[in-house]
Amino acid sequence: MGKLDGRVVIVTGAARGQGEQEARLFRAEGAGVVVADVLDEQGQALAKEIGALYVRLDVGREEEWRAAVDAAVQAYGHVDGLVNNAGILRFNSLLDTPLDEFLEIVNVNQVGCFLGIKTVAPRMSDGGTIVNTASYTGLTGMAYVGAYAASKHAIVGLTRVAALELADRGIRVNAVCPGAVDTAMSNPGAVAEGAMDALYRKLVPLGRIGRPEEVARLALFLTSEDSSYITGQPLVIDGGWLAGVAVV
Ligand code: NAD
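Scope of this entry: the structure provided in the associated data block. Every chain is numbered independently, its residues counted from 1 as its sequence is written. In keeping with the predicted nature of the model, local features appear solely for residues at pLDDT of at least 70, side-chain atom pairs appear and are counted solely at 80 or more, and the whole-chain, interface and lining totals rest on all residues. The side-chain figures draw on all heavy atoms in the structure; neither hydrogens nor water molecules are used.

Points about the environment of Glu-101
Step number 1: Runs of H or I in DSSP of at least four residues are treated as helices and runs of E of at least two as strands, each being numbered from the N terminus. Structurally, Glu-101 can be placed in helix α4 (residues 99-120).
Step number 2: Note on classification: 1.4 Å probe, protein chains only; a residue is buried when its accessible area is under 20% of the maximum for its type, exposed when over 50%, partly exposed between these limits. Glu-101 gets classed as buried once you look at its relative accessible area, which sits at 18%.
Step number 3: Expressed as a C-alpha distance, the spacing of Glu-101 and Ala-147, which sit 46 residues apart in the sequence, is 8.1 Å.
Step number 4: In this structure, Glu-101 is in contact with Arg-90 and Asn-92, ignoring residues within four places of it in sequence.
Step number 5: Polar contact is the term for a pair of N or O atoms within 3.5 Å; when the atoms are in protein, one must be able to donate a hydrogen and the other to accept it, and sequence-neighboring residues count only if both atoms are side-chain atoms. A polar contact of 3.2 Å, which involves the side chain of Glu-101, links it to the side chain of Asn-92. Residues count as neighbours in contact if any of their non-hydrogen atoms are within 4.5 Å of one another.

Here you go:
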């Protein structure tokens with residue numbers, strides 16, 4: 001028995017990174033999976049490998065959301081879960097951030113999450129689940145990622161409101177808040193494995209960067225019956241980073 005037998009879940013930004021691991025794990029747990037991304041080649045290859053459906057979906061575009069949900073329902077007959085995972089990160093000081101850059105980040109991270117909830121929830125089975133990917137920076141600040149942190153704080157707010165508004169249909173809405181996770185986003189220069197270890201040993205109580213598979217296991221928990229009485233919550237997965245600072 002898989003934890004998601006008979007369920008159908010859309011995962012955005014699923015061509016690589018955390019979304020890829022979520023798609024793989026959910027499929028292994030018996031779900032019908034929709035791999036949604038703008039990276040067509042990688043997304044299609046993954047879907048083929050794991051036996052999922054690939055749809056091209058730019059999460060900032062409402063009409064593409066409608067088409068993606070149509071395709072999911074056509075392929076599987078129903079939708080029971082959504083993981084709003086797609087996201088982008090840019091480094092800049094607030095004062096140097098051009099408005100276009102700020103809006104680009106908001107459009108993918110925040111508007112994408114809003115459109116996912118707005119488009120999928122009405123077509124979702126009662127008792128469904130939504131997992132939004134916020135961040136450690138959805139709960140605290142981090143210099144030089146102002147637009148990103150603002151969009152991730154907004155996702156926590158959206159999560160709470162959606163949980164309240166969808167609870168009467170038994171739809172649970174939660175957010176994952178990862179700290180640093182080893183993906184292309186956190187390591188855009190593909191710095192060699194191990195080269196950042198000293199940094200994470202200093203920053204993170206557990207002394208290492210997180211793995212995308214670990215975030216996928218939290219998303220599975222929030223998508224499965226194991227979390228049946230949890231809704232409206234930001235769940236932090238950060239190796240203890242947010243717990244506080246050590247002064248000695
Ligand atoms: P990643 O860059 O490997 O994956 C992001 C995915 O989103 C990619 O496949 C990308 O193509 C897709 N994407 C980007 N824009 C899109 C759009 N407009 N429409 C659809 N798909 C789009 O990075 P990741 O670390 O796997 O990131 C996954 C999520 O986790 C993001 O929301 C990110 O903000 C969040 N997060 C990451 C970290 C980290 O340290 N890696 C920490 C906290 C939160």
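There is more to say, and it comes next.
Some remarks on the site of the ligand
Step number 1: Proximity is defined per residue: if any heavy atom of the residue lies within 4 Å of a molecule or strand, that residue is considered near it. In the vicinity of the ligand lie 27 residues, with Arg-16, Asp-37, Asn-85, Tyr-148 and Thr-183 positioned nearest.
Step number 2: Asp-37 is positioned with one of its side-chain polar atoms (N or O) 2.6 Å from an oxygen atom of the ligand.
Step number 3: Gly-179 has a polar backbone atom sitting 3.5 Å from an oxygen atom of the ligand.
Step number 4: Taken by itself the ligand offers 820 Å² of open surface, and the protein chains cover 94% of this.
Step number 5: Listing elements by their share of the shell around the ligand, those giving two or more residues are α1 (17-28) and α5 (146-166).
Step number 6: As a working rule, the residues Ala, Val, Leu, Ile, Met, Phe, Trp, Tyr, Cys and Pro are called nonpolar, Asp, Glu, Lys and Arg charged, and the rest polar, with Gly in that last group. Of the residues that constitute the shell around the ligand, the class distribution is 13 nonpolar, 10 polar and 4 charged. To measure how exposed things are, a 1.4 Å probe is used in the Shrake-Rupley method; for residues, cover is taken only from the protein chains shown.

Here's the deal with the pattern of salt bridges
Step number 1: Criterion for a salt bridge: a side-chain nitrogen of Lys or Arg within 4 Å of a carboxyl oxygen of Asp or Glu. The tally for this structure, following the rule as stated, stands at 12 salt bridges.
Step number 2: Across the pair Glu-49 and Arg-24 runs a salt bridge, and its minimum N-O distance is 2.8 Å. Residue Glu-49 is located in helix α2 (residues 40-50), and its partner Arg-24 is located in helix α1; the two are separated by 25 residues in the primary sequence.
Step number 3: By relative accessible area, Glu-49 is classed as exposed at 56%.

Here's the deal with the side chain of Thr-133
Step number 1: Locating Thr-133 in the fold gives a position in strand β5 (residues 124-133).
Step number 2: When residues no more than four places from it in sequence are discounted, the contact partners of Thr-133 are Gln-18, Val-83, Asn-84, Asn-85, Lys-152, Ile-155 and Val-176.

Description of a nonpolar patch on the surface
Step number 1: Patch construction takes residues with relative accessible area above 30% that form no salt bridge. Like charges are linked within 9 Å, and nonpolar side chains (Val, Leu, Ile, Met, Phe, Trp, Tyr) are linked within 5 Å. Taken together, the side chains of Leu-139, Val-236 and Leu-242 define a hydrophobic patch exposed on the protein surface, amounting to about 190 Å² of accessible area.
Step number 2: Position of Leu-242 among the secondary structure elements: in the segment after β7 (234-237).
Step number 3: Among the residues examined, Leu-242 registers a relative accessible area of 31% and is labelled partly exposed.

Quick look at the sheet that holds strand β2 (residues 32-37)
Hydrogen bonds between backbone atoms are what pair the strands of a sheet, whose relative direction is either parallel or antiparallel.
Step number 1: Strand order in this open sheet of 7 strands is β3-β2-β1-β4-β5-β6-β7, and the pairing throughout is parallel. Of all the strands in the sheet, just β3 (53-56) and β7 have a single pairing partner and so form its edges. When strand polarity is set aside, the average angle formed by the axes of neighbouring strands in this sheet is 20°.
Step number 2: Bridge count between β5 and strand β6 (residues 172-178): 5 bridges; the pairing is parallel. Only strands that DSSP links by at least two bridges are regarded as paired with each other. Note on geometry: axes are lines fitted to C-alpha atoms, helical ones only across the stretch in contact, with angles between N-to-C directions running from 0 to 180 degrees.

Without other data, these values stay purely geometric and don't point to any function.
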